Amino acid sequence: MKIGVFIGDICESYQQVIIEELEKYSKEKDITIYIFGSFVIPGNNILHAEGEKSIIYLPMLNMFDGIICAGDTMNHFGMEQELVHYLTENAACPVVSLRSEEEAFYNILIDNESAMYEMTRHYLDKGMKEICFVTGRMDMLDAKERLAGYRKAMREA
């Protein structure tokens, strides 16, 4: 079995955990994992961003039995949308989207708001009164959802 993985900014901790776990699982199940990763280098060079986007078109999609798409890790403008569109139009195998809900794919999502609400409630129930919260990038849906869960728990307290 062959699985293609599209993942961006592969030096970040979330992405590294995903890759490490996929490597472990692939060894246990005798699956071959092909990782198509990009790096984010801050700057205004449009050619660099276009070069990063080229990973979308490198593999022959018909060689895969499945594809994993970590689209929200693609940090160049428009790259996630371009990848999703390309996979929707061209992948004949199942595609699994991590953390981003995509209509044409299978989705692995977390209820960020409830998870952060429960975590914050736990701290409050243990007697903590001053709980700080760091959202991360506010252009990420999960950051907004987590903040909403934190605020809800704090308002109730």
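See above for the structure.
None of these values were measured; they are calculated from a predicted model.

A.B. asks: Explain the environment of Ile10 to me, please; I cannot follow it from the model alone.
C.D. replies: Assignment of secondary structure puts Ile10 in the loop between strand 1 (2-7) and helix 1 (13-29). What makes Ile10 partly exposed here is its relative accessible area of 22%. The sequence separation of Ile10 and Ala153 amounts to 143 residues, and the corresponding C-alpha distance is 33 Å. Residues within four places of Ile10 in sequence aside, it is in contact with Gln15, Gln16, Ile19, Gly37, Ser38 and Phe39.

A.B. asks: What should I look at first to understand the sheet that holds strand 5 (residues 106-108) in this one?
C.D. replies: By way of backbone hydrogen bonds, the strands of a sheet pair with one another, either parallel or antiparallel. Pairing in this open sheet of five strands is parallel, and the strands run 2-1-3-4-5 from one edge to the other. With partners counted over all chains shown, the strands left at the sheet margins are strand 2 (32-37) and strand 5, one partner each. Pairwise comparison of adjacent strand axes, ignoring direction, gives a mean angle of 20° for this sheet. As defined by bridge partners, strand 3 (residues 66-70) adjoins strand 4 (residues 95-98) across three bridges and the pair is classed as parallel. The partner of Ile68 across the bridge, within strand 4, is Val96. Sheet strands in contact with helix 3 (residues 79-90) are strand 1, strand 3 and strand 4, and its direction is about 165° off that of strand 3.

Basis of the calculations
- Residues numbered from 1 in each chain as written.
- Predicted model: local features only at pLDDT ≥ 70, side-chain atom pairs only at ≥ 80, totals over all residues.
- Heavy atoms only, no water.
- Helix = DSSP H or I, 4+ residues; strand = E, 2+ residues; numbered from the N terminus.
- Buried < 20%, exposed > 50% of the residue type's maximum accessible area, 1.4 Å probe, protein only.
- Contact = heavy atoms within 4.5 Å.
- Pairing = 2+ DSSP bridges.
- Axes fitted to C-alpha atoms, helices over the stretch in contact; angles between N-to-C directions.

These results come straight from atomic positions and should not be treated as a statement about function.
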